Structures are given as structure tokens and as C-alpha cells.
Amino acid sequence: MRDINTAKANIETAGFLDIDIDPGIDLFAEIEKLKKEKNAIVLAHYYQEPDIQDVADFIGDSLGLAQQAEKTSADIIVFAGVHFMAETAKILNPHKKVLLPDLKAGCSLSDSAPPELFKLFRDKYPDHIVISYINCSAGMKALSDIICTSSNAEKIIESLPREQKIIFAPDKNLGAYLNKKTGRDMVLWNGACMVHEIFSLEKIIKLKVRHPNAKVIAHPECEDAVLRVADYVGSTTGLLKYSIDSNANEFIVVTETGILHQMQKSSPDKTFIPAPPNNSCACNDCPHMKLNTLEKLYLCMEYETPEITMDEKLIVAAKRPIQRMLEISKQYGL
Ligand code: 13P
Ligand code: SF4
């Protein structure tokens, strides 16, 4: 076993605590024990590996996770998701310890909007307000007026007067989808998610021919051509609910494959087919989300590291648009 201080010092390069774990240990039982001992809560996104979802106290989409983080009474929030999600939890709980099993679990969409460049872009549109998708850095949030997620974006846009000019960032696909849905003409930042952009329309259509009764359900981070063939478009929670409520027995699921775990658990008799990407893989995993593992989750709880730390001024600036989102969501019962 490595010396704990050396292992902790290595987090900056490795991103996680690199310590050998006794292979005989029951990680599920140990994690449960640590939750109680430390008054810790484990929040997990649907794209996490099944073992992590099974040990989590709450599994949700970005809005659900932010709402849980806002209301938790736990002393430690262990965020099984990506960096911007854990950062949002920290912004909402500046005095709590927020842990992320692998600090390198980033997001290509968030990376597609560096705050310094976005500020130059925003300054060209002084009469526009900025709505930013939650998949962005705290620096971007601080430059925004309201944050949104895929489950509340439409309502947030509709809460603004029709004549209000809007910049939508960073996801151009979600922005274009929302422009279509709301009839607005938001100015879009040119960002995208590497996972949702890679789906192959051709392969989805071939799958649909082989499974004519299957419903195509897609996340709005996908490109317009893919969304056009979808029977339902929604956030991860929306997709899961649709699969539960629908009379259909087969679904072609056009988002990250982690969500299939809850779909299959909720509807064991239904068939869920992951939509294939534009390469030789059969399914589509987010390489960032999948950096977290059950072992890393256990280690980060045991040693309370790696931890999200943030500049106080940035916390204050990024909190305002997140709170606005949470307030509007509450008004709409979301
Ligand atoms: P939601 O879970 O909010 O739909 O977001 C999907 C996603 O890409 C998270 O990174
Ligand atoms: Fe980011 Fe896309 Fe991964 Fe979600 S699926 S964390 S948007 S890279």
C-alpha cells in the first residue's frame, strides 16, 4: 500500500487516490458504513456505471442532482458525476465538503466554452441576456444570467418576455432544438458534447427498420438530424420516465448508455437498444463519466479526497444564476 500522503499529493497528476484496495473487501458494505459514519450522501448521475448507481442515495439528471445538493443535510456530498456537477453542488454548499471520486472527470461540452473567449462573445451582444446550460464551468456560470438544464430549459426561456434577446451557451444542438421548440431566435455559442454528436443517423435508421415497433428516444444534446427521427426528446429523467410510461416494448436509446441500467431495472420486460455511434463501437460511453469507479468512490469517502475547492468570489458570482434557475423551476413545479 502506498503512503497516504504521497497518494494524496499525487491526486493533482492522477486525478484520484491511487491506493491498492484489499480485493476481499465488500465495497458496497464499506461505502454504506462510511455514509453513516461520516453523514455523507452519494449523489449519482444516470451515466455512472451500474455499481455506482446501485450504491447511490439519489440518482438523477442534472436538475434533480442540483436540487438534491441544495436541500441535503449531509455533511459530506460525494458526487458521482463530472466536475461541473460537483462544482455546482459546492457552489450551493460552500461550507460543506464536496468530493469527486476522480477530479479529471471533466466534460467536453463544458470545455468547449472557455470563459475568457465567451466573455468576448457576450460583449458583442450587450442587449442580450445569457442563459447557460449547466454543463459549463463556474467561470462560465459567473458570466451568465440564468442557468438551465435539459429538463427546465424550455420553461426558463418561456419565463422571459418574447422580445427579450437571448444568448444560449454552450450547447449549439440543445440551443437549436430550443429555438425550434420555443420559436425564439437565440444566439448560439458553438459548443457540443462529444458523446451526443457521434451518433450515426444511418445506423439508427437501420436499427429502426429491424425493430419497426421500437420508439426512438433521444437526448436534446444530439444533432438536429437525429432528433428529427426521435419519437421523444428529453433529459435523462425524461427519457427514463417515457420508457416507463410508454406502451411500447422496445426502445432505441440515443444517449449515453449508463441510463440503460435504470431503464432495465424499472421495466425488466422491455428491451432497450443503445443507439450506435459513428465508429466501430456498439454503444456510446462518456469517457469522462466513466472515469469514476466503485473503487475510487470508496477511496474518496474513506480518505475524504479529492475535494472540490473554489475561490469564494467565484462561488458568489456563479451562485446567482443557479439560484435563479432553481427559483424558476420551483415556480413551474419542476
Ligand atoms: P441530463 O441528465 O440533465 O439530461 O444531462 C445529460 C448530460 O449530458 C449530463 O452530462
Ligand atoms: Fe459532458 Fe457529454 Fe459527458 Fe455529459 S455526456 S458529461 S455533456 S461529455
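Provided above is the structure to which this section pertains.
Here is what the cut-offs are and how they apply
Residues numbered from 1 in each chain as written. Chains lettered and ligands numbered in written order. Predicted model: local features only at pLDDT ≥ 70, side-chain atom pairs only at ≥ 80, totals over all residues. Heavy atoms only, no water. Helix = DSSP H or I, 4+ residues; strand = E, 2+ residues; numbered from the N terminus. Rg over C-alpha atoms; globule rule 2.2 N^0.38 Å. Buried < 20%, exposed > 50% of the residue type's maximum accessible area, 1.4 Å probe, protein only. Contact = heavy atoms within 4.5 Å. Areas by Shrake-Rupley, 256 points an atom, 1.4 Å probe, with all protein chains shown as cover. Near = heavy atom within 4 Å. Polar contact = N/O pair within 3.5 Å; in protein donor to acceptor, adjacent residues only side chain to side chain. Nonpolar A, V, L, I, M, F, W, Y, C, P; charged D, E, K, R; others polar. Pairing = 2+ DSSP bridges. Axes fitted to C-alpha atoms, helices over the stretch in contact; angles between N-to-C directions. Right-handed = clockwise from strand over helix to strand, strands pointing away. Disulfide = S-S within 2.5 Å. Parallel < 35°, antiparallel > 145°, perpendicular 65-115°, else oblique.

## What about the overall build of the chain?
Check the secondary structure of the chain and you find 17 helices and 12 strands. Computed over its C-alpha atoms, the radius of gyration of the chain comes to 20 Å, within 12% of the 20 Å expected for a compact globule of 334 residues. Each of the three principal axes of the chain carries a C-alpha extent, and together these read 55 × 50 × 35 Å. Counting only residues that meet the buried cut, the chain has 55% of its 334 residues in that class. Look at the contacts in the chain between residues 6 or more apart in sequence, and 65% of them connect residues 24 or more apart. Of the roughly 14,600 Å² of accessible surface on the chain, a fraction of 50% belongs to carbon and sulfur atoms.

## What to know about the site of ligand 1
Around ligand 1, a shell composed of 13 residues is seen, among which His45, Ser62, Ser150, His219 and Thr236 lie nearest. Within the side chain of Asn135, one N or O atom sits 3.3 Å away from an oxygen atom of ligand 1. Glu221 has a polar side-chain atom sitting 3.0 Å from an oxygen atom of ligand 1. Within the complex, the protein chains bury 96% of what would otherwise be the 300 Å² of accessible surface of ligand 1. Here the residues of the shell around ligand 1 sort into 4 nonpolar, 7 polar and 2 charged.

## Brief notes about the site of ligand 2
Every residue close to ligand 2 is listed here: Tyr47, Val82, Cys107, Ser108, Asn135, Cys193, Val195, Glu221, Cys286, His288 and Met289. For the shell around ligand 2, a count of residues per class yields 7 nonpolar, 3 polar and 1 charged.

## Description of the side chain of Ser144
Here Ser144 lies in the loop between helix 9 (138-142) and strand 6 (146-148). For Ser144, a relative accessible area of 2% corresponds to the buried category. Among the polar contacts listed, one links the side chain of Ser144 to the side chain of Ser132, at a separation of 2.7 Å. Ignoring any residue separated from it by four or fewer positions in sequence, one finds Ser144 in contact with Val130, Ser132, Arg320 and Pro321.

## A closer look at the sheet that holds strand 3 (residues 76-80)
The 4 strands are arranged 2-1-3-4 in an open sheet whose pairing can be described as parallel. Each edge of the sheet is formed by a strand with only one pairing partner; in this case those strands are strand 2 (58-60) and strand 4 (97-99). Between one strand axis and the next, the sheet turns by 20° as a mean value, whatever way the strands run. Two strands pair when backbone bridges link them, and strand 1 (residues 40-45) and strand 3 are joined in this way by 5 bridges, in the parallel orientation. Directly across from Leu43, in strand 3, lies its bridge partner Phe79. Sheet strands in contact with helix 6 (residues 83-92) are strand 1, strand 3 and strand 4, and its direction is about 160° off that of strand 3.

## Some points on the pairing of strand 3
Where burial is concerned, most of strand 3 is hidden: 5 out of the 5 residues are buried. Of the two faces of strand 3, both are covered, the one formed by Ile76, Val78 and Ala80 as well as the one formed by Ile77 and Phe79. One ladder, built from 3 bridges, connects strand 3 with strand 4; its direction is parallel. Bridge pairing in strand 4 places Ile76 opposite Lys97. For the segment spanning strand 3, helix 6 and strand 4, crossover handedness is right-handed.

## Topic: helix 6
Among the 10 residues in helix 6, 9 count as buried, and that is most of the element. When we look at burial in helix 6, the residues that qualify are Phe84, Met85, Ala86, Glu87, Thr88, Ala89, Lys90, Ile91 and Leu92. Tucked into the core, helix 6 has its buried residues touching strand 1, helix 5 (62-71), strand 3, strand 4, helix 9 and helix 17 (312-331).

## Here's the deal with the state of the cysteines
What the rule picks out here adds up to 0 disulfides. For Cys136, which is in no disulfide, the shortest distance to another cysteine sulfur is to Cys148 and amounts to 9.0 Å.

## Comments concerning the sheet that holds strand 7 (residues 165-169)
Taken together, 4 strands build an open sheet; the order of strands is 6-5-7-8 and the sheet is parallel. Every interior strand has two partners, whereas the edge strands, strand 6 and strand 8 (187-188), have only one. By the bridge criterion, 3 bridges tie strand 5 (residues 128-133) to strand 6 in an arrangement that is parallel. Note on strand 6: the bridge partner recorded for Ser132 is Ile147. Most of the contacts of helix 8 (residues 115-122) go to strand 7, to which it runs at about 160°, and overall it touches strand 5, strand 7 and strand 8.

## Describing the packing of helix 5 against helix 17
It is the contact of helix 5 with helix 17, at a shortest axis distance of 11 Å, that shows an interaxial angle of 105°. By the angle class used here, helix 5 and helix 17 are roughly perpendicular. In this structure, helix 5 contributes Leu63, Ala66, Gln67 and Glu70 to the contact, and helix 17 contributes Met325, Leu326 and Ser329. Residue composition of the contact of helix 5 with helix 17, by class: 4 nonpolar, 2 polar and 1 charged.

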